Amino acid sequence: MQTIAANLGSMLTPIGNPQNLYLYAQADMSAFALIRLMLPYSVVSLILLLIWIRFAASKAPKMSKKNNISLSFSNTSEHHRKNVLKSIANRKTEYLIAYLLLFAACLLTVAHILDFRIPLLLVVLYVIIRNHTLLGKVDYSLLATFTALFIFIGNLGRISQFSHFLSSIMTGRETITAILASQVMSNVPAAILSGFANNYTSLIIGTNIGGLGTLIASMASLISFKYIAKENPHLRGKYFTLFTVANILFLAILLLLIKCLTAF
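Residues numbered from 1 in each chain as written. Predicted model: local features only at pLDDT ≥ 70, side-chain atom pairs only at ≥ 80, totals over all residues. Heavy atoms only, no water.

Caption draft 1: Seen up close, the overall build of the protein. A tally of helices and strands in the protein yields 12 helices and zero strands. Secondary structure of the protein in N-to-C order comes out as α-α-α-α-α-α-α-α-α-α-α-α. Structurally, the protein occupies a C-alpha span of about 75 × 50 × 35 Å along its principal axes. Expressed as a percentage of contacts within the protein between residues at least 6 apart in sequence, the contacts between residues at least 24 apart total 69%. (Helix = DSSP H or I, 4+ residues; strand = E, 2+ residues; numbered from the N terminus. Contact = heavy atoms within 4.5 Å.)

Caption draft 2: Spatial organisation of the pattern of salt bridges. Under the criterion given, the structure shown has two salt bridges. With a closest N to O distance of 2.7 Å, R130 and E94 form a salt bridge. Of this pair, R130 sits in helix α5 (residues 117-130) while E94 sits in helix α4 (residues 78-110), and the two are 36 residues apart along the sequence. Of the residues examined, R130 reaches a relative accessible area of 37% and is grouped as partly exposed. Residues R117 and D115 are paired through a salt bridge, measuring 2.9 Å at the closest nitrogen-oxygen approach. (Salt bridge = Lys/Arg side-chain N within 4 Å of Asp/Glu carboxyl O. Buried < 20%, exposed > 50% of the residue type's maximum accessible area, 1.4 Å probe, protein only.)

Caption draft 3: The arrangement of α5 in detail. Compared with the 20 Å implied by 1.5 Å per residue over 14 residues, the 20 Å span of α5 between its first and last C-alpha is a close match. When we look at burial in α5, the residues that qualify are P119, Y126 and V127. The arc that holds the buried residues of α5, viewed along the axis, is 95°, so those residues lie on one side. Across α5 from its buried face, at more than 90 degrees, point the exposed residues R117, L121 and I129. (Expected span 1.5 Å × (residues − 1). Arc of directions from axis to C-beta.)

Caption draft 4: How the structure looks around unusual backbone geometry. Phi at H112 takes a positive value of approximately 65°, unusual for a residue other than glycine. Among the secondary structure elements, H112 is positioned in the loop between α4 and α5.

Caption draft 5: Examining the nonpolar core more closely. By size, the foremost hydrophobic cluster in this structure holds 39 residues, and its most contacted members are M38, Y41 and I209. Those elements giving two or more residues to this core turn out to be α1 (2-9), α2 (18-27), α3 (31-59), α6 (140-157), α7 (160-170), α8 (174-185), α10 (200-209) and α12 (236-263). When residues in this core are grouped by element, the largest group, seven residues, is from α3. (Core = buried A, V, L, I, M, F, W, Y, C linked by side-chain atoms within 4.5 Å.)

Caption draft 6: Spatial organisation of the environment of N208. Relative to the assigned elements, N208 resides in helix α10. Given the relative accessible area of 1%, N208 is considered buried. For the pair N208 and N187, spaced 21 residues apart in the sequence, the C-alpha separation amounts to 7.0 Å. Ignoring any residue separated from it by four or fewer positions in sequence, one finds N208 in contact with M11, N17, Q19, N20 and M38.

The values are spatial; any link to function lies outside them.
Structural data, given as structure tokens:
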């Protein structure tokens, strides 16, 4: 349910997930317009999650767990311990303030107020100067994969016969096409279907709802399954079964909601 919540909770705003950010920029729409578009689906998703959680909580065994957190400073004085803790707190506060300011600059870019090159330069410079080790933790292979996908689709779009064929298939079916594409290629790459369709609102809905369904429909689903497989390998089968049932149920309800809203 945390995975489903991550997929559905991210669809309300332009910065909630990568496909929203990409399609929001492609459509040149306002943040308010995207929020208004996705608000009904977000509200229904929240209600479904609350109902599921309430049902699951009533069935779950009662458990109590104490968290014992202790700091050990062997062979050190109380004064030294306080200085160490103060130094750590000051460093964390500095990072927090700096990253909040950089995040605000990024938000201004998303809102089309600030040129994207300004926060890009600021973020890169700050990370290099203050925390360059972060650059080694970036998943460059994932970035390269997405870059290659966009280049590939862009090249396909230049082939007129293929472009016209795919456009004819998608016209009037953008939402369901995006949902189906997400099931086999993940919902972020499915956003590149915008190269063959001009109905961005339908693609936004489709790629967001398309995060439900199969295990590969979203990156969050793959990450959570990878975590389960590593930490509790004996639960993989049970997790996959419950995950699939819950995703199909949520997807079916939201598809019904799409049909109801489009009917009006």
